[in-house]
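A structural walkthrough
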Amino acid sequence: EAGVAQSPRYKIIEKRQSVAFWCNPISGHATLYWYQQILGQGPKLLIQFQNNGVVDDSQLPKDRFSAERLKGVDSTLKIQPAKLEDSAVYLCASSGGGLAGGGGETQYFGPGTRLLVL
Amino acid sequence: QKEVEQDPGPLSVPEGAIVSLNCTYSNSAFQYFMWYRQYSRKGPELLMYTYSSGNKEDGRFTAQVDKSSKYISLFIRDSQPSDSATYLCAMSAGIGYNQGGKLIFGQGTELSVKP
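Residues numbered from 1 in each chain as written. Chains lettered and ligands numbered in written order. Predicted model: local features only at pLDDT ≥ 70, side-chain atom pairs only at ≥ 80, totals over all residues. Heavy atoms only, no water.

Okay, the sheet that holds strand 7 (residues 65-68) of chain A next. Residue and element names in this part refer to chain A. Spatially, the 4 strands line up as an open sheet ordered 1-3-8-7, and their pairing is antiparallel. Each having just a single partner strand, strand 1 (5-7) and strand 7 make up the two edges of the open sheet. Strand-to-strand twist across the sheet, computed as the mean angle between neighbouring axes with direction ignored, equals 15 degrees. As judged from the 3 bridges shared by strand 1 and strand 3 (residues 19-24), these two strands associate in the antiparallel manner. Note that in strand 3 the partner of Gln6 across the bridge is Cys23. (Pairing = 2+ DSSP bridges. Helix = DSSP H or I, 4+ residues; strand = E, 2+ residues; numbered from the N terminus. Axes fitted to C-alpha atoms, helices over the stretch in contact; angles between N-to-C directions.)

The structure is reproduced here in structure tokens:
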């Protein structure tokens, strides 16, 4: 079973520029998550999709971040304009139900995109 | 106060040592407790999952949850250099987005096991 794919793996941009990240979840997984992981911190949920609908974007800085999941499969996360504090790893995860040991939804993470804003 | 607190380390141990990793939390609604392992430049992967209080063992790994103290632990026996990674605790109040299922992560503990 192929895992969660993300691209690009690395990106360096100047502040105020825009950037976009792409995620392809595990086939058949209805739920897709975007997390921000700042160096030395745990992942923080930015947005969660159930199929192609948003179910939680409470921690997404909507003045500069946007995300979409057209057709309920692939997803893109965009930052425009980027700030220095956006430097982080952006992780995409997906889940399709069934937590190891029974109950819940195991989240499978991609390798992440490392963003450096100069 | 953060909802989940985790000692960031770094923690360095010799091969074969017993490792204890811990998290405390403040939200008494949390019922699902997980440990993720994250290798350098990789995404987190689920290592252990526990529902409510109690212990769970999987090979060299044991997860413990003490809800009365709001404290969870992960023990690694006979640690190996391949265990060198960042260990993240995570927890949620429920399952699914409409039942408090959002995962809240600790900041991670960086572990290094020296040969």
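At the junction of the two partners, chain A supplies 29 residues and chain B supplies 17 residues. Put simply, chain A and chain B have 1 salt bridge between them. Our enumeration of links across chain A and chain B arrives at 2 residue pairs in polar contact (both at pLDDT 80 or more). Elements that contribute at least two residues to the side of chain A that touches chain B include exactly strand 4 (31-37), strand 5 (44-50) and strand 6 (53-56) of chain A. Residue contributions to the side of chain A that touches chain B peak at 3 residues, all from strand 5 of chain A. When its residues are assigned to classes, the side of chain A that touches chain B shows 10 nonpolar, 15 polar and 4 charged. (Contact = heavy atoms within 4.5 Å. Salt bridge = Lys/Arg side-chain N within 4 Å of Asp/Glu carboxyl O. Polar contact = N/O pair within 3.5 Å; in protein donor to acceptor, adjacent residues only side chain to side chain. Nonpolar A, V, L, I, M, F, W, Y, C, P; charged D, E, K, R; others polar.)

Together, Ile12, Leu116 and Leu118 of chain A line one region of the surface with nonpolar side chains, adding up to about 290 Å² of accessible area. Relative to the helices and strands, Leu116 of chain A resides in strand 11 (residues 113-117). (Patch = residues over 30% accessible without salt bridge, like charges linked within 9 Å, V, L, I, M, F, W, Y side chains within 5 Å. Areas by Shrake-Rupley, 256 points an atom, 1.4 Å probe, with all protein chains shown as cover.)

What follows covers the state of the cysteines. Residue and element names in this part refer to chain A. Under the criterion given, the structure shown has 2 disulfides over all chains. Through a disulfide, Cys23 is tied to Cys92; the S-S separation comes to 1.9 Å. Here the disulfide of Cys23 and Cys92 is left-handed, its torsion about the S-S bond being about -70 degrees. With Cys23 in strand 3 and Cys92 in strand 9 (residues 88-95), this pair connects stretches of sequence that are 69 residues apart. As far as burial versus exposure is concerned, Cys23 and Cys92 are alike and both buried. (Disulfide = S-S within 2.5 Å. Buried < 20%, exposed > 50% of the residue type's maximum accessible area, 1.4 Å probe, protein only.)

The subject of this paragraph is the pairing of strand 8 (residues 71-76) of chain B. Residues and elements named next belong to chain B. Bridge count for strand 3 (residues 19-25) against strand 8 is 6 bridges, and the pairing is antiparallel. Within strand 8, the position partnered with Ser20 by the bridge is Phe75. Bridge count for strand 7 (residues 61-66) against strand 8 is 6 bridges, and the pairing is antiparallel. Bridging across to strand 8, Thr62 finds its partner in Phe75.

The quantities given are spatial measurements derived from coordinates; they are silent on function.
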